[in-house]
Amino acid sequence: LLLLSILNGFMSSRKYILVNIFSSILILIVSVALVFFFGLYGALLNCVVSQTIVIFVTLWFVRKEGWFPFLFKKIKLKQQVFRKLGAFSAMAFTSALLFPITQIIIRSSIIEKISLQSAGIWEGMNRFSGMYLMVVTTSISTYYLPRLSGIKENRGLRVEIFKTAK
């Protein structure tokens, strides 16, 4: 995720998209093979293997980028920067932990108070909503945010934001 974010930050959207396409294709092939040959155990194994595939595909695509060797040099963080990153990490960890717990509580409440079928409908709509929101957020993070970060003057930034709002 760090390497993909850096790639996206340097506005290498072509490589970013290629990494995602190749990762998805390889994960699909490996997933089908693992489930076909090992059943449920293969499906569980795929949860670990798929992330490993993403790492290796990403490393393959970014190995010749100019910024890549600098990632492995020793970086000294100032205490103030470390505190800010720590606060952000705590926020991200809390939301990553609370979101699934909240989903489980809501689903359990729907099952208990309404029905199992209603919980299934709620889950389906929730996933559908997540998928179309993912399309929007992916567009924003891969195109719009790098475009905004490339604008240097305030007037240009205002013009771009208003143009997008229209």
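Asks: How should the overall build of the chain be read in this particular structure?
Replies: In terms of helices and strands, the chain carries 5 helices and 0 strands. Secondary structure elements in the chain, listed N-terminal to C-terminal, are α-α-α-α-α. Since a compact globule built from 166 residues should have a radius of gyration of about 15 Å, the 21 Å found for the chain marks it as more spread out than a globular shape. Across its three principal directions, the C-alpha atoms of the chain cover 55 × 40 × 40 Å. By the burial criterion, 20% of the 166 residues in the chain qualify as buried. Taking as baseline every contact in the chain between residues at least 6 positions apart, the subset at least 24 positions apart corresponds to 46%. For the chain, the computed accessible surface area is about 13,200 Å², with 72% contributed by carbon and sulfur atoms.

Asks: Just checking my understanding: could you explain the layout of surface pockets for this structure?
Replies: Over the atoms rolls a probe the size of a water molecule, and its path tells where empty space is left. Roughly 210 Å³ of volume is contained in the largest pocket. The class makeup of the residues in the lining of the largest pocket is 4 nonpolar, 4 polar and no charged. Leu1, Leu3, Leu4, Gln51, Val54, Ile55 and Thr58 are the residues that line the second largest pocket. Going through the elements one at a time, α1 (2-9) and α2 (13-62) are the ones with two or more residues in the lining of the second largest pocket. Among the residues forming the lining of the second largest pocket, the class breakdown is 5 nonpolar, 2 polar and no charged.

Asks: For this particular structure, what's the right way to read α2?
Replies: Every α-helix carries 3.6 residues per turn, so stepping three or four residues along brings you back to the same face. If you check α2, its first and last C-alpha atoms are just 12 Å apart, much less than what 50 residues at 1.5 Å a residue would give, namely 74 Å. The largest bend along α2 reaches roughly 145° and is located at phenylalanine 38.

Asks: Quick question: what am I supposed to make of the confidence of the model for the chain here?
Replies: Model confidence for the chain is summarised by a mean pLDDT of 83, while 96% of its residues fall at 70 or above. Here α1 is the element of the chain with the lowest mean pLDDT, 75, and α2 is the one with the highest, 89.

Asks: Would you mind going over the pattern of salt bridges with me for this structure?
Replies: When the charged atoms of two side chains lie near each other, side chains of opposite charge can form a pair. Across all of its chains, the model carries 4 salt bridges by this definition. Glutamate 123 serves as the salt-bridge partner of arginine 107, at 2.4 Å between the closest nitrogen and oxygen. Placement of arginine 107 in helix α3 (residues 79-113) and of glutamate 123 in helix α4 (residues 116-150) is noted, with a sequence separation of 16 residues between them. The buried category is assigned to glutamate 123, whose relative accessible area is 16%. In the salt-bridge network here, residues are joined through shared partners; they are Arg107, Glu123 and Arg127.

Rules behind the numbers
- The written sequence of each chain sets the order in which its residues are numbered from 1.
- Only residues with pLDDT of at least 70 are given local features in this predicted model, and only at 80 or more are side-chain atom pairs given and counted; all residues enter the totals for whole chains, interfaces and linings.
- Note: side-chain values were computed over all heavy atoms of the structure, leaving out hydrogens and water.
- Put simply, DSSP marks the helices as runs of H or I at least four residues long and the strands as runs of E at least two long, and each gets a number from the N terminus on.
- Here the globule rule reads 2.2 Å times residues to the power 0.38, and the radius of gyration is calculated from C-alpha atoms.
- When a residue's accessible area, from a 1.4 Å probe over protein chains only, is under 20% of the maximum for its type it is buried; when over 50% it is exposed; and in between it is partly exposed.
- Throughout, a residue-residue contact means that at least one pair of heavy atoms, one from each residue, lies within 4.5 Å.
- Accessible areas in this description were obtained via Shrake-Rupley with a 1.4 Å probe; residue shielding takes into account the shown protein chains only.
- Computed over the protein atoms alone on a 1 Å grid, cavities are sets of points where a 1.4 Å probe fits but cannot get out and pockets are open sets with protein on both sides within 12 Å along at least five of seven lines; a residue lines them when it has an atom within 4 Å of a point.
- Grid points are joined across faces, edges and corners, and a volume is the space filled by probe spheres set on the points.
- Only Asp, Glu, Lys and Arg are considered charged, only Ala, Val, Leu, Ile, Met, Phe, Trp, Tyr, Cys and Pro nonpolar, and every remaining residue, Gly among them, polar.
- Given a helix with a known number of residues, its expected span is that number minus one, times 1.5 Å.
- We define the bend at each residue as the angle formed by axes fitted to the 7 residues ending at it and the 7 residues starting at it.
- Confidence scores here are pLDDT values: one per residue, from the predictor, ranging 0 to 100.
- Only one rule defines a salt bridge in this text: a Lys or Arg side-chain nitrogen within 4 Å of an Asp or Glu carboxyl oxygen.

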